[in-house]
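Structure assessment
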Amino acid sequence: MQALEGSQAIARTVALCRPQVVAAYPITPQTHIVEGIASLVAEGQLDCEMVSVESEHSAASVALGAAVAGARAYTASASQGILLMSEVLYTIAGMRVPLVMTCANRAVSAPLNIWNDHQDSMAMRDAGWIQLYCASNQEAIDTTVQAFYLAERCELPVMVCVDGFTLTHTLEPLALPTQAQVDAFLPPYQFAHALNPMNPWSLGTLVGPEHFTEARLAHHQALLDAQAQIIAADQAWAAVSGRHCGGLLEVRGRRDARIGILTLGAVLGTLEDALLAAAPEDQVRLLKLRSYRPFPAQALAQACADLDTLVVLERALSPGAGGIIGPEVQGALADLPTPPRVLNVAAGLGGRDMPLTLYERLLQWARQPGHPPFCLLDAADC
Amino acid sequence: MLEIRIHGRGGQGNVVAAYLLATAAIEQGRYAQAFPAFGAERRGAPVAAFVRMDSQVIRRRCQVKTPDFLIIQDPALLSVTGTLDGLRPDGGILVNAQDHPLLETLGHQSLMALPATELALEHIGKPLPNTALLAAFLCLTGILPLSALQTALAERFKGAVLKRNLALLEAAADTVQAGAWQEKVIHAST
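Residues numbered from 1 in each chain as written. Chains lettered and ligands numbered in written order. Predicted model: local features only at pLDDT ≥ 70, side-chain atom pairs only at ≥ 80, totals over all residues. Heavy atoms only, no water.

Quick word on the interface of chain A and chain B
In this complex, chain A contributes 28 residues to the contact, which on the side of chain B involves 20 residues. Taken over both partners, the interface formed by chain A and chain B buries close to 2000 Å², and the fraction arising from carbon and sulfur atoms is 57%. A per-residue breakdown of the area chain A buries against chain B is headed by Leu171(A), Asp273(A) and Asp353(A), which together make up 28% of the total. On inspection of chain A and its partner chain B, the count reaches five salt bridges. (Contact = heavy atoms within 4.5 Å. Buried area = accessible area lost by both parts, 1.4 Å probe. Salt bridge = Lys/Arg side-chain N within 4 Å of Asp/Glu carboxyl O.)

Digging into empty space enclosed by the protein
Residues and elements named next belong to chain A. One pass over the full model with this rule turns up three cavities of 30 Å³ or more. When we break the lining of the largest cavity down by domain, the ones giving at least three residues each are domain 1 (2–241) and domain 2 (252–376). The space that makes up the second largest cavity amounts to roughly 50 Å³. Taken together, Ala67, Ala71, Arg72, Ala73, Pro98, Phe148, Ala151, Glu152, Tyr189 and Phe191 make up the full set of residues lining the second largest cavity. Here the lining of the second largest cavity gets three residues from one element, more than from any other, and that element is helix α6 (residues 137–154). Each residue belonging to the lining of the second largest cavity can be placed in one class, and the counts come to eight nonpolar, no polar and two charged. (1 Å grid on protein atoms, 1.4 Å probe; cavity = no way out; pocket = protein on both sides within 12 Å on 5 of 7 lines; lining within 4 Å. Points joined across faces, edges and corners; volume = space filled by probe spheres on them. Domains from an automatic or database assignment. Helix = DSSP H or I, 4+ residues; strand = E, 2+ residues; numbered from the N terminus. Nonpolar A, V, L, I, M, F, W, Y, C, P; charged D, E, K, R; others polar.)

Re the sheet that holds strand β5 (residues 100–105) of chain A
Pairing between sheet strands relies on hydrogen bonds along the backbone, with the strands arranged either parallel or antiparallel. Residue and element names in this part refer to chain A. Taken in spatial order, the seven strands make up an open sheet running β3-β2-β4-β5-β7-β6-β12, and their pairing is mixed. A strand with exactly one partner marks an edge of an open sheet, and here the two such strands are β3 (49–52) and β12 (291–293). Neighbour-to-neighbour, the strand axes of this sheet turn through a mean angle of 20°, independent of strand direction. Two strands pair when backbone bridges link them, and strand β2 (residues 21–24) and β3 are joined in this way by four bridges, in the parallel orientation. In the strand pairing of β3, Val22 is matched with Met50. (Pairing = 2+ DSSP bridges. Axes fitted to C-alpha atoms, helices over the stretch in contact; angles between N-to-C directions.)

A few points about the domain arrangement of chain A
All names here are of chain A. The domain architecture assigned to chain A consists of domain 1 (2–241) and domain 2 (252–376). Distance between the C-alpha centres of domain 1 and domain 2: 27 Å. Tallying the contact residues gives 28 residues for domain 1 and 24 residues for domain 2. Roughly 2100 Å² is buried in total at the junction of domain 1 and domain 2, and carbon and sulfur atoms are behind 54% of that figure. Linking domain 1 with domain 2 are four salt bridges, by the criterion used here.

Overview of the sheet that holds strand β11 (residues 285–289) of chain A
All names here are of chain A. Across the sheet, which stays open at both edges, the six strands sit in the order β9-β11-β10-β13-β14-β15 with mixed pairing between neighbours. In this open sheet, the two edge strands, each paired with only one partner strand, are β9 (249–253) and β15 (374–376). Between one strand axis and the next, the sheet turns by 20° as a mean value, whatever way the strands run. In terms of strand pairing, strand β10 (residues 259–263) meets strand β13 (residues 309–314) through four bridges, oriented parallel. Bridged to Gly260 within β13 is Leu310. Contacts from helix α11 (residues 325–333) reach β10, β11, β13 and β14 (341–346), with the element oriented near 150° to β13.

Thoughts on the nonpolar core
Ranked by internal contacts, the top residues of the largest apolar core, which has 96 residues, are Tyr74(A) and Leu89(A). Broken down by element, the residue count for this core peaks at eight residues, all from α6(A). Residues Ala17(B), Ala32(B), Cys139(B) and Ala148(B) belong to the second largest nonpolar core, which totals 51 residues. (Core = buried A, V, L, I, M, F, W, Y, C linked by side-chain atoms within 4.5 Å. Buried < 20%, exposed > 50% of the residue type's maximum accessible area, 1.4 Å probe, protein only.)

Section: helix α5 (residues 146–156) of chain B
Turn by turn, an α-helix covers 3.6 residues, leaving residues three or four places apart pointing in a common direction. Residue and element names in this part refer to chain B. Among the residues making up α5, those that are buried are Ala148, Leu149, Ala152 and Leu153. What you see down the axis of α5 is that its buried residues fit within an arc of 140°, all on one side. Buried residues along α5 sit in contact with α1 (14–27), α4 (130–141) and α6 (159–175). (Arc of directions from axis to C-beta.)

Here's the deal with helix α1 (residues 6–16) of chain A
Burial analysis of α1(A) places nine of its 11 residues in the buried class, which makes it a mostly covered element. Looking one or two places after α1(A), you find Arg18(A), whose phi comes out positive at around 55°.

A word on the environment of Val80(B)
Residue and element names in this part refer to chain B. Structurally, the position occupied by Val80 is in the loop between β4 (69–72) and β5 (92–96). Residue Val80 is classed as partly exposed on the basis of its relative accessible area of 30%. Each C-alpha atom, one on Val80 and one on Glu3, is 21 Å from the other, the two residues being 77 residues apart in sequence.

So, in C-alpha cells, the structure goes:
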C-alpha cells in the first residue's frame, strides 16, 4: 500500500497498461489524471504518444484515429468535455473501436458547477459504451486495468466512471499492481479491424435502411454479451491481483434484509460505514451497481427477488421525468412474482455533501408509506 | 477515528498539508484519507481540507463536520463563518499566529498559537506555514512520530528544499510542549 491521490493512482495505472497514444484536453476534475500521464511520458517512464489537443472533440477523435490505426489508446474527460465529445463517443462505439476513457464524474452546466455528480456519464448512457462505476480509488485502479482487457476482448469502448474530487482528489493507501501483473493480464494487442494500407477497408461507412437495424442489433448484442466478459475479467484480474470489484453488481450489507438500497459510485462507502454502525434491525441489503451499461437486468432481479422495498439512490436527474436509473431498475424487477416497491431518490447533485446520516434518512424513506415515486432528497421537506 | 480539518487560503498549500499528514499516517501503517473541501480554486479565498486517520479501513467519503482538531493557517480565518463549526467539545485548535488580536477575544482554552509563518520565513525563506504547523501538531498530539512527517516530506521535496523543510520541522517541534494534547487524542479515539 502507498499513499496516493486517486488521480495519480489512475495515471500510473494507465501507464502500466502501456497505452501507445493518449489524447486529452484538461478539465476539472480530470486534470490531474492527464497531467500525471503527461509527466510520466515527459520523464521517459512511459513510451507513448501524448497528444495535447485543442478540444475534447479532438481528444476523442485522436484516440479514435489511434485505435483504428491499431494503437492501444486512452483519453479522459468530465462534464462539458464529455458532452463536447458526445458525437465522437457514439462514433467510437458504433465502429466497435476498443479504447478506454476515464470520466472524472462532474455535474453539467448550467448553472456552472465543477463538483461531483453523475450527470455527464449518464448523458452518454445510450452512446453504446460499456460504463463501469467505481466505488473507491482501489476499484478505479483495478477497473482501469480490466477496462483495457474488456475493450480488447469485446471490441467495445469502456468508460471508467470515477467520482470527481470525491475519488480523484482523495489521497489514501492504495495498492498499485506491478508491471509484471499488468503485462501478464494485458499482453500486446492487435486490433483485428485496424486500418491497414496494404489491405484497405473502411470503417463507419454509410449504411442504408436495409442494414442499419442489423448493425444496431449487433452492437446491442455485443453489449449484452459483454456482461459475461465483465464478470470473467473481474475474476481473471482477481486471480492476478487478489482483488475484485464486484463484477456487474455486488450485494453487501445484510443479505436477509427486506429493505434494499441500490446505488453506484463512491457514496457506497459512506452508506456502508453507516450500515455497519446501525443496529441489526436497521441494516439493509446494499446493492452496488458497477456495470450500468450493459445493464444487468437479470442479476438485479435475482438480487432483489425477496425484497419488500428497494431505494434507488442516484446522482443525476432527468428533468421532467425524474430519476434515470430508477425506472430502469423498476423495469428489470417488473417480472418478479412479487416485485419490491421501488423508491427513486436523487441526492448529492453538484457536489452536495452526502453525510453518514443519509443512510438513516433513506431507511426512514423506505419505511414510511406515501412517498412520491421520485424525489430530490436534498431539497425534500422531510 | 481521528478527524482533522485544515483551514487556509488558496495558495497556502492547504491540500498539500492534508496530503502530507495523511501520507505520514499511511507511512506508519495506519489507514488515512485526505481530501479538499472542493472550493473554487482561487488564490486568497478561504479553503479547507480534511484528514481522517484510523487503525481500520475508512470507507466514508463525506466531509468532516465534527473535527477533533482544527489546524488554521491564517488567524484572520478565525472570524470567518464556519471555521470553528462542529469542533468537538474537547477538541484542539492549532493556529498560525503571533500576537493576533483574535486570539484573546476567542479565549478558547484549547487554542494553541504557533508563529509558523515567521518560522518558515526564517528557515525556508517563504511564508509557507505547512511544515511548521504539521510538526507542531504531531508533537502536541503524539499521534505520529516526527520521522513519519520527515518521510512524507522526502516523498514530495528533494535537495535543498527538503533540507530546509526538515530544519523547519525540528525548529517548530521545539517550540511546543510535546504531548500537551495527548489526552485529546485518547478522548477522540474512544
